[in-house]
Amino acid sequence: MNPDIEALLDRYLKKETSPVEDRLIEKWLTENEIADPAWQHLNRTAKDQWLSEVLLDIKTSIKGNEPKVILKESKKYLWYKIAGVAAVLLLVFGLYLSRPELNSTVISADQKKQITLSDGTRVWLNAGAELKYPESFTDESRTVSLSGEAYFDVKHDPHKPFLIHTGKVLTTVLGTAFNIKEDLHRHTIEVTVTSGKVSVTDDGKLLGILTGNQQVSLDLSSRKSVKKTVDANTVIAWQHDDLLFDDITLADAAMQLQQRFHIKITFNNDQLKKCRFSGSTFKDDQLDKILDAITGFNNATWKRNADGNIIIYGEGCN
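Residues numbered from 1 in each chain as written. Predicted model: local features only at pLDDT ≥ 70, side-chain atom pairs only at ≥ 80, totals over all residues. Heavy atoms only, no water.

An unreviewed UniProt entry lists the protein under the name FecR family protein, with Pedobacter caeni given as the organism.

1. Topic: the overall build of the protein
Across its full length, the protein carries eight helices and 19 strands. Burial statistics for the protein: of 318 residues in total, 41% are counted as buried. Restricting to contacts in the protein with at least 6 residues of sequence separation, those with at least 24 account for 46%. Within the structure as shown, the protein displays about 17,600 Å² of accessible surface, and the carbon and sulfur contribution to it stands at 51%. (Helix = DSSP H or I, 4+ residues; strand = E, 2+ residues; numbered from the N terminus. Buried < 20%, exposed > 50% of the residue type's maximum accessible area, 1.4 Å probe, protein only. Contact = heavy atoms within 4.5 Å. Areas by Shrake-Rupley, 256 points an atom, 1.4 Å probe, with all protein chains shown as cover.)

2. A few points about the sheet that holds strand 1 (residues 103-106)
Strands sit in the order 1-4-5-7-8-11-12 across an open sheet of seven strands; the sheet is mixed. This sheet does not close on itself; its edge strands, each paired only once, are strand 1 and strand 12 (205-211). Each strand of the sheet is rotated relative to its neighbour by a mean of 20°, with strand direction disregarded. In this sheet, strand 12 lies alongside strand 11 (residues 197-202) in antiparallel orientation, the contact comprising six bridges. When the sheet's bridge partners are listed, K197 is paired in strand 12 with T211. (Pairing = 2+ DSSP bridges. Axes fitted to C-alpha atoms, helices over the stretch in contact; angles between N-to-C directions.)

3. Topic: the packing of aromatic side chains
The relative placement of two aromatic rings is captured by the distance of their centres and the angle of their planes. A full pass over the atoms with the stated rule returns five aromatic pairs. Each ring, one from W124 and one from Y151, has its centre 5.6 Å from the other, and the planes form 50°; the classification is tilted. Taken as a pair, W124 in strand 3 (residues 122-125) and Y151 in strand 6 (residues 149-153) lie far apart in primary sequence, 27 residues in all. Side by side, W124 and Y151 carry an identical accessibility label, which is buried. With centroids separated by 6.0 Å and ring planes inclined at 65°, the aromatic side chains of F137 and F162 adopt a geometry described as edge-to-face. Note that F137 is positioned in the loop between strand 4 (130-133) and strand 5 (142-147) and F162 in strand 7 (residues 162-166), a separation of 25 residues in sequence. What makes F137 buried here is its relative accessible area of 11%. Ring-pair connections join several aromatic residues into one group, and the members of that group are F137, F152, F162 and F178. (Phe/Tyr/Trp six-rings, centres within 6.5 Å; stacked < 30°, edge-to-face > 60°.)

Written out as structure tokens, the structure is:
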């Protein structure tokens, strides 16, 4: 067996292949009736076990070309399975080698950027985000990968769904506008829809079908999700450099200010972090003015240390 093909299957079993490679393997198995009829209903563990057995069959049968293997009572099924999987791997490996390189747009911590994809979809990338996408969408779906936060205005195409991979979270749309935020500090991923409809899954599990002003938030540690109604305009305010605080905690507000002004903000007690408030600021507002406003809402004060960082003081909230 071609060592490169064997390595590809090994990578699949180790969960190191890309989502495109995984889908190609599973789609080909199903279409050619090589897998058991229940293949699509197997979980990933059962599929891995089945493919592990197939790989062992291939190695055993090819090693030394021993004729005793094909004389076994189950030779027809064995070779059918071996030939099928070998063909799958040849196909996938060939596509893997010929697959065009993906473009990658990485945004620095102090910038934002808008890009237009080949299908006309517009994407606004927030500071620190990274988007990987093909030069042109030639497959049956339009697939991109996102790390960080971005707002998508997807060009409608009923024949080619638009897929966004954010870790194990998959967002599927036909044509709509929505925001995806991967927050590595809070260990969350949020998908918020401004118009249209999207489907959100986590490792194959449906988290929700969202319409305008709906949001699903996934805790990446517990894998628990919450679906709720929000004001989508407050979520996407970062596009316009405005800050809209809609019933958020002081801790969350401080995190937004840290990202915008590249400064460290701490609290004199943890209870103060839990205080909630609503308000807004404009892109031209200075940090001092914003701090005066949000601390005033919460019966708190603030001061700047010699190193330029901020400390917020207060008794906290009931």
